[in-house]
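# Residue-level structure breakdown
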Amino acid sequence: MTKKFALALVSLMVLAAMAVGSASAGVYAPNITTGDVIFVGESGLNIAPAMGNTSKLAWFASGSTASTDQPAIVYSVGDNGSFYVNPGMFSAYEGSWYNYTGAQPNGASLAFYVYVPTLDISIWDVTDDEVTDVTGKKVITGDNVTLRVDSNMYSLFSRNDAGSGINYSAGIDLNVITPSGATLVQLINASGNSTTITGVKPSSSQYYLISEAAKPTSGTQTPWQLSISRYSAGTYQVVAKSNVNGMKDNLGEITGETVSETGTIELDKDTVSITADKETVVRNNDFSVTIDGKPSTKYYVWISGTNSYNYGNGSGDTVTADIPPQFQTGQDDVTFLNNNISAEINTGLNYTYKSNTKMYSDVANNRSDVGSTATVDNPYAVEAKTGKDGTITIGITTAPNTKAATYTVRVESETDTQLYETVKVTVEKGSVTITASGDGSYYLGEQITFSGTDTDSDYVYLFITGPNLADNGANLATPSVAVVNENASSFVSKAVNVDNTWEYKLETSTIGLDAGTYTVYAVNGPYDKDHLSGTKYDTVSIVVKKPFVTATVSASTVAKGDKLYIRGTAEGNPTQGVAIWILGKNYWNGEATNSDAMVTETVNDDGSFEYEFGSGDTKNLASGQYFVVVQHPMYNDEFNVFTSGTNPTYVVEAPVASAYSATTNTGYNSEFVIWGGDNKLQGSDAAEALIEMIDSADIDDTYTKLTFLIEEPWIRINTVGDHYVGDSFTISGTTNLAVDDDLIVEVTSSSFTATQKSQSGEFSGQSETVKVVAGSTYNEWSMDVDASSFKADEYIVNVESIETTATATTTFNILTPGPSTPTPSATATSGPVTTTATATQATPTETAAPGFGALVALIGLGAVAALVLRKE
């Protein structure tokens, strides 16, 4: 902004201010001297004493120096004897204003300060020798209150206008509007004297209508006593207005400047009420009561009518008896009560609340030594102090041993036995549920997850009943131990979550249950089967089964180089899998893996498993019988018969696998060498020794056993027989190769030989890859042949295994049909033809005998050779 523009703007503002003019209000012209404070909206001020010999005022921007810098605003005063503090000029430029000569330096000196007025009102209770803000709150009949004016205009009433002969008669006017709408300008104190509340001249920014000395405590001054005989109950409004020097007339009613926000109080009779947030509560949950009474006042609150309750004196694991709800500890302005009977004063549990009845005889005692002379705190009775709004909310808690009943909570004034109220709350028992994971049927060794809800207690207690268990229930985790009624440590217990749910996971591998049907109980306390009356409980039935293992081999006879599969089912979720032992002469599959350890196979989620004995495993094995043992780790989910050591490797029987030491060779019942030693057991001997170990009474493992034979691979071709051109027939055979092995079957003409380029050739045949399929005694194979394109000839059948070296060969003839032989129609073969090769050749005038084509050709060659020799 350029200086010229700034000066033009200032000039416009000055003209605007002059256009408003100076308004005159009141019949006096207060003198404004140097350093006084004046307020926007005042009019009729005599500012000449502060102006000196100039008619101009100047305002300097923040950070400027009045003695050296140019002013931001210069204002020409019209009539300095009746000055108007124009809001259009001065509202935006609060602070110091200077008289201004226009000469620099030292061209400006302080004239006065200008501020926008502020005004607020509040109501304060001084009944209990302390000042409490009750604006917008409740007060009680008989309370003493005062009003406080918050304003920056207090300096207005301390201006130095001595010698002017003017006496201020105006001030800030306070009005009280009654519930019926009447406006009060006087308030009556405890002595019956009136206090005028108009024309108030505050002497400080926070001005109480009582003297400053009496502000912290009420002393003897009570400017407004809310006597019920003078003031009816209801809402009172209080407002402050300022029209000093025409301020409100000039500015209008501006909230916070010329008129305050309206403050209110709710005058009520001295009553007390109590309400509960719930009419009914499930025990083990909390509820609360709210006291509504006199602000900042203490009341007694207690659970009434519970003195006869069996509050219990339990210790250790013994269950405590039924008790009432208790007040929560640690609440603000809430203090537990105790007896102080020796002092013979009406305080605490010694309070007399009706007919000379002491409170301690109406509430339960939380200890056996609590009586008329004890001084311990009682959780069933408290002293509670209301807040400034006259209310307080008190938390009350219930526990698993809270008696299900309807309770009366009583609140009463500490000084007036006629001032009381009660509320009733019903505490009910909750509920307990239990479910088991899965379908309810489990193998020993599996994990069972029990879960449910409990809305009645902090802990759920579990026990089990069933065959050969204690009649009243057994510990769920240790069924050999009977539970004891009300002895919590004899039960399996589980804490209930904040959402009232619970969960317990039972590992069945070590609990020692027999197979059978059992019932699991979930109870809200440590109660056995004979003591469930009056409790909350639920049951679930489970079926326990012993794990087992089954297995089969994919073939009872295996050709060398073929694969063998051991497939089966292992129930009980063995995380270790199953062990696969294959034993034969000079053979153990653990040795073959080069790990010197027993071979295991993972069990799938559905209990199935598959072990592949590969072609590389069988190819080099000697022909003969082999033994298979499939071992299941059973209940404890660990193999108790296992291998140990290397060269030699032992098979060890140890009832507790973790207790066996391979270093010291201790902790086992028996052992034998399976590899690496001169006395190692082989084949059937090793299998029998292994089974004998697993059968031991100390071992929980189980097993199944199998056998299979390994043979040299072979393929056999069934007799084909002679066929005619155009026939459709099947070539088949048997084999000891595995099902699904591939065989290449070739049918070729024996006339298939090489020919010269100038010769025509003719041959026919068929080639196909077929699968081995299961047969009744041996596995079988077959290929369908379509001879419609075959020529009469001798044919060679060759069958070859892809997986092994086994082959087989035979021959058969294709004949030309005779005159009396009907020519069969060609039919499609039942299987796909991989290759069919046919070469066309001149048809001979006479049909040669089948199989002799090659002989005729040799004879022809001999005749040619004789002619050549004859020529020579």
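For the structure, check the block above.
A few points on the structure.

Cut-offs applied
- Residues numbered from 1 in each chain as written.
- Predicted model: local features only at pLDDT ≥ 70, side-chain atom pairs only at ≥ 80, totals over all residues.
- Heavy atoms only, no water.
- Helix = DSSP H or I, 4+ residues; strand = E, 2+ residues; numbered from the N terminus.
- Buried < 20%, exposed > 50% of the residue type's maximum accessible area, 1.4 Å probe, protein only.
- Contact = heavy atoms within 4.5 Å.
- Areas by Shrake-Rupley, 256 points an atom, 1.4 Å probe, with all protein chains shown as cover.
- Pairing = 2+ DSSP bridges.
- Phe/Tyr/Trp six-rings, centres within 6.5 Å; stacked < 30°, edge-to-face > 60°.
- Lys NZ or Arg CZ within 6 Å of the ring centre and 35° of its normal.
- Polar contact = N/O pair within 3.5 Å; in protein donor to acceptor, adjacent residues only side chain to side chain.
- Salt bridge = Lys/Arg side-chain N within 4 Å of Asp/Glu carboxyl O.
- Expected span 1.5 Å × (residues − 1).
- Axes fitted to C-alpha atoms, helices over the stretch in contact; angles between N-to-C directions.

Helix and strand content of the protein: eight helices and 58 strands. When each of the 872 residues of the protein is scored for burial, the buried share is 45%. Considering only contacts in the protein between residues 6 or more positions apart, those separated by 24 or more positions represent 69%. Counting every atom, the protein has about 41,400 Å² of accessible surface; 47% of that belongs to carbon and sulfur.

With a phi close to 55 degrees, Asn-573 is a non-glycine residue in the positive phi region. As for its position among the elements, Asn-573 is in the loop between β41 (564-570) and β42 (578-584). Relative accessible area serves as the criterion here: at 47%, Asn-573 is assigned to the partly exposed category. Even without being a glycine, Asn-665 presents a positive backbone phi close to 55 degrees. In this structure, Asn-665 sits in the loop between β48 (649-653) and β49 (670-675).

Burial analysis of strand β6 (residues 119-125) places six of its seven residues in the buried class, which makes it a mostly covered element. Pairing analysis gives seven bridges linking β6 to strand β9 (residues 144-151), with the strands arranged antiparallel. Among the inter-strand pairings, Ile-123 is bridged to a residue of β9, identified as Leu-147. Taken together, the two bridges between β6 and strand β7 (residues 132-133) define a ladder with antiparallel strand orientation. Residue Trp-124 lies in a different strand from β7, and its bridge partner there is Asp-133.

Next up on the list: the packing of aromatic side chains. Counting across every chain of the model gives 30 aromatic pairs. Through pairs of rings, three or more aromatic residues link up here, namely Tyr-75, Phe-83, Phe-90, Trp-97 and Phe-112. Directly above the aromatic system of Trp-714 lies the positively charged group of Arg-716, at a separation of 3.8 Å from the ring centroid.

What follows concerns the pairing of strand β46 (residues 624-632). Here β46 lies mainly inside the structure; seven of its nine residues are buried. Bridge count between β46 and strand β50 (residues 702-711): nine bridges; the pairing is antiparallel. From the neighbouring strand, Val-630 faces β50, where its bridge partner is Thr-704.

Let us look at the sheet that holds strand β17 (residues 263-268). Sheet architecture is open: five strands sit in the order β8-β17-β16-β10-β11, paired in mixed fashion. With partners counted over all chains shown, the strands left at the sheet margins are β8 (137-140) and β11 (183-184), one partner each. As defined by bridge partners, strand β16 (residues 234-242) adjoins β17 across five bridges and the pair is classed as antiparallel. Bridge pairing in β17 places Val-238 opposite Gly-263.

The next subject is the side chain of Asn-99. Among the structural elements, Asn-99 can be located in strand β4 (residues 95-100). At a separation of 3.2 Å, a polar atom in the side chain of Asn-99 contacts the main-chain carbonyl oxygen of Ala-50. Of note is the side chain of Asn-99, whose polar atom sits 2.5 Å from the side chain of Ser-109. Each residue touching Asn-99, except ones within four places of it in the same chain, is listed here: Ala-50, Met-51, Gly-52, Thr-54, Lys-56, Leu-57, Gly-107, Ala-108, Ser-109, Leu-110 and Ala-111.

Scanning the entire structure with this criterion turns up 10 salt bridges. The residue Asp-292 makes a salt bridge to Lys-138 at a minimum N-O spacing of 2.7 Å. Within this pair, whereas Asp-292 is found in strand β20 (residues 286-292), its partner Lys-138 is found in strand β8, the two being separated by 154 residues in sequence. Overall, the relative accessible area of 31% leaves Asp-292 in the partly exposed class. On the basis of relative accessible area, Lys-138 is assigned to the buried category, the value being 12%. With a shortest N-O distance of 2.9 Å, Arg-410 and Glu-412 are connected by a salt bridge. The exposure class of Glu-412 is buried, given its relative accessible area of 0%.

It is worth spelling out helix α7 (residues 683-694) at this point. If you check α7, its first and last C-alpha atoms are 17 Å apart, about what 12 residues at 1.5 Å a residue would give, namely 16 Å. Taken residue by residue, α7 has Gly-683, Ala-686, Ala-687, Ala-689, Leu-690, Ile-691, Met-693 and Ile-694 as its buried positions. Contacts from the buried residues of α7 go to β42, β46, β47 (641-644), β48, β49 and β50.

Ordered by their spatial adjacency, three strands build an open sheet running β47-β48-β49, and the pairing between neighbours is antiparallel. Each edge of the sheet is formed by a strand with only one pairing partner; in this case those strands are β47 and β49. Across the sheet, the axes of successive neighbouring strands diverge by a mean angle of 30 degrees, strand direction being ignored. With five bridges connecting them, β48 and β49 associate as antiparallel partners. Looking across to β49, one finds that Glu-653 is bridged to Ser-670. Strands β47, β48 and β49 of the sheet are contacted by α7, whose axis makes an angle of about 150 degrees with β49.

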